[in-house]
Amino acid sequence: MKNYVYWVVLLGGILLLGGCTTLPKPPLLEEVHALPPAQSGVMSEVSIQFARDHAGDESGFLNLSNSEEALNYRLALIDEATTSIDAQYFIWQNDEVGILLFNRLLNAADRGVKVRLLVDDMVFAPKDRTVAALTLHHNVDIKIFNPGNVRNSTLGSMFDFVANFKRLNRRMHNKLLVVDNQIAVVGGRNIGNAYFGLSKKYNFRDLDVLVVGAVLPELSLAFDTYWNNDLSYPGGTMSIDATIEDIDHLRTEIESYLEENSQYLTSYLLLPSVLRERLKRLPELLVAGKAHFLQDEPVLIGGDKYRLLDMLEYVSQPSQQELIVVSPYLIPTDAFLENIHQRVLAGVRVKILTPSLGANNHTAAHSHYKKYRKTFLKNGVQLYEMKHDLPDKVRDVSDVYPVQSKFTCLHIKSMVADRKRCFVGSLNIDPRALELNTENGLYIESPELCGALADQFDALMSPETAWRVLVNEDNQLRWESDEGTVSNQPARGFGQRIGDFFFRIIPMESQL
């Protein structure tokens, strides 16, 4: 019987793959490295001003919690770039935000800026021919991380994923933007409407940090490490049909799309002079501190690998008074639970903020988190779950005019220890982030920045915006907020509760 199944699957795969386009073996390429820091332009001026006012080993940071600021600073950086832009993302969606940002990258390339774009293959919208065509632009280069072999068939791609599951299951979850090798943005946001306040269904409460100063060489080296890795497939090899004329056709499509959807981009179609002035004011807004950039090595599962998780002890272990953990997907490993428990035993107040069922965009992730609630509480953790129906003044941080989403989801990935040290990046506290995907982020020592983040997270854990999870005398879970006490976990509706029930019985925790 087993042999019969084997041959059926094999035959099915051959039939599916027979008419499919597959990726050719890429040519051997020379390593490419980041250009030196720009010596002119706004980014250079900001960097020089910061260096003049601070010690040589310090970096400057700006908290980008507000969705509108997070995108407008990105647009400003891209618009003012003079030499180079290096962008690395897990998701780049084909929506208003994704197209607007890409259009600005293309405009930068047209004026002579070298653009390198590295995107994971899992959720990347452009067709292979489009990617290959763009690399014909003398200032644009694109690479796709760990791409599947089958490119033009949904069924073929599914079979390819199953057949090569171990390799294709490892995704690049990193997020990084480095401009002129002088200013960078690091954090949790992918590129898409929901990350910048323009999704009508839900928008994320998220977090990035803009950074200048001494840590920039680490960021450029980190990007180069992934760019020159064998898993990063050259976009120019993805299609033999691409022509330079395809770029002109793409420009026409982009311009038409942005014009048709301009009403949704009101807050992001600012004059270049306005964005330039925002950048020029950066030196007076930055707070100083020391930082190091941390990331996983981009290697296949099973090889020697350096895990970002190993470095988080820099944040958690030295804590003496307080440790705050914020994660949108919370499915802890035994090592994480033990680490947290040891902190509590040492007298540290440990607070964890994660989404309620209603504020989670991945119900399945919540379904496999909830069994750990009592373990956290038993270990002395203060556990909070953010509401999905936030007050208007809180929603305004995530929603951007003219859009008002139906609800808000939590997407912040951060840790703050003793209001002196923090981590801000792409790392969730779940098996996929801790064991499968690649991740990155900034480890920062700055009482001013970390204190401000702690205050922000405390506000999100207030009774107005979050449910505190408790266990009563009968060992039953209860949720308390300014709305009172409830015995059923808060959700957006009955349909979500049904989904939560079925996801919980599916053995998928290791993939979440």
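Everything here concerns the structure above.
Residues numbered from 1 in each chain as written. Predicted model: local features only at pLDDT ≥ 70, side-chain atom pairs only at ≥ 80, totals over all residues. Heavy atoms only, no water.

**Q** Explain the overall build of the protein chain to me, please; I cannot follow it from the model alone.
**A** The secondary structure content of the protein chain amounts to 19 helices and 20 strands. Against the globule reference of 24 Å for 512 residues, the protein chain gives a C-alpha radius of gyration of 23 Å, in line with a compact fold. Once the C-alpha set of the protein chain is aligned to its principal axes, its extents read approximately 75 × 70 × 45 Å. Per-residue burial for the protein chain yields a buried fraction of 57% across its 512 residues. Pairs at least 24 apart in sequence give 81% of the contacts found in the protein chain among residues at least 6 apart. A total of about 21,800 Å² of accessible surface is found on the protein chain, and carbon and sulfur atoms cover 54% of it. With 51 positive and 64 negative side-chain charges, the protein chain shows a spacing of 5 Å between the two charge centroids. (Helix = DSSP H or I, 4+ residues; strand = E, 2+ residues; numbered from the N terminus. Rg over C-alpha atoms; globule rule 2.2 N^0.38 Å. Buried < 20%, exposed > 50% of the residue type's maximum accessible area, 1.4 Å probe, protein only. Contact = heavy atoms within 4.5 Å. Areas by Shrake-Rupley, 256 points an atom, 1.4 Å probe, with all protein chains shown as cover. Lys, Arg positive; Asp, Glu negative; His and termini not counted. Charge placed at Lys NZ, Arg CZ, Asp CG, Glu CD.)

**Q** Please clarify how the pairing of strand β2 (residues 84–92) should be interpreted in this entry.
**A** A regular strand carries its side chains on alternate faces of the sheet. Most of β2 is tucked away: nine of the nine residues are buried. For the crossover from β2 across helix α4 (residues 96–110) to strand β3 (residues 114–124), the handedness is right-handed. With four bridges joining them, β2 and strand β5 (residues 176–179) adopt antiparallel strand pairing. By the bridge assignment, A87 is partnered in β5 with L177. (Right-handed = clockwise from strand over helix to strand, strands pointing away. Pairing = 2+ DSSP bridges.)

**Q** Help me out: how do you make sense of the packing of helix α3 (residues 67–80) against α4 in this one?
**A** The angle between the axes and the distance between the axes are what describe a pair of packed helices. At a minimum axis separation of 9 Å, α3 and α4 run at an interaxial angle of 15°. Taken together, the axes of α3 and α4 are roughly parallel relative to one another. Crossing angle aside, the handedness with which α3 passes α4 is left-handed. Of the residues in α4, those in contact with L71, R74, L75, I78 and D79 of α3 are V97, L100, L101, R104, L105 and A108. When the residues that make up the contact of α3 with α4 are grouped by side-chain class, the tally is eight nonpolar, no polar and three charged. (Axes fitted to C-alpha atoms, helices over the stretch in contact; angles between N-to-C directions. Parallel < 35°, antiparallel > 145°, perpendicular 65-115°, else oblique. Left-handed = near helix turned anticlockwise from the far one by under 90°. Nonpolar A, V, L, I, M, F, W, Y, C, P; charged D, E, K, R; others polar.)

**Q** What is the right way to read the environment of F407 from this model?
**A** Relative to the helices and strands, F407 is located in strand β14 (residues 407–410). By relative accessible area, F407 is classed as buried at 7%. Taking the C-alpha atoms as reference points, F407 and Q511, 104 residues apart in sequence, are found 26 Å from one another. Residues contacting F407, with those up to four places away along its chain left out, are K201, Y202, N203, G358, H388, R395 and R492.

**Q** Teacher, can you tell me more about unusual backbone geometry here?
**A** Glycine aside, residues mostly have negative phi angles, and peptide bonds mostly take the trans form. Residues Y401 and P402 are joined by a peptide bond in cis, for which omega reads 10°. Structurally, P402 is set in the loop between α16 (392–395) and β14. Notably, R419 is not glycine yet its phi reads approximately 55°, a positive angle. Locating R419 in the fold gives a position in the loop between β15 (414–417) and β16 (421–425). Of note, the phi angle at N475 is positive, near 60°, even though the residue is not glycine. As for its placement among the helices and strands, N475 is situated in the loop between β18 (466–471) and β19 (477–481).

**Q** Explanation requested: the pattern of salt bridges in the structure shown.
**A** Two side chains bearing opposite charge may form a pair once their charged atoms approach each other closely. This model, assessed by the stated rule, comprises 26 salt bridges. Among the salt bridges present, the one from R395 reaches D399, with a minimum N-O distance of 3.3 Å. Here R395 matches D399 in class, with each residue buried. Sharing partners across several salt bridges, the network here consists of E322, R349, K351, R419, D455 and D458. (Salt bridge = Lys/Arg side-chain N within 4 Å of Asp/Glu carboxyl O.)

**Q** I keep staring at the packing of α3 against helix α10 (residues 272–280) and nothing clicks. Help me out?
**A** Remark: α3 packs on α10, axes separated minimally by 9 Å, with the N-to-C direction vectors making an angle of 100°. Here α10 runs roughly perpendicular to α3, going by the angle between their axes. Across the interface between the two elements, N72, Y73, L75, A76, L77, D79 and E80 of α3 pack against P272, L275, R276, R278 and L279 of α10. Its residues assigned to classes, the contact of α3 with α10 comprises seven nonpolar, one polar and four charged.

**Q** It is not clear to me how the side chain of Q489 should be interpreted in this structure. Could you clarify?
**A** Along the chain, Q489 turns up in the loop between β20 (484–486) and α19 (494–504). A relative accessible area of 9% places Q489 in the buried class. Leaving out residues up to four positions away in the same chain, Q489 has contacts with L357, H366, K370, R373, W479, R497 and D500.

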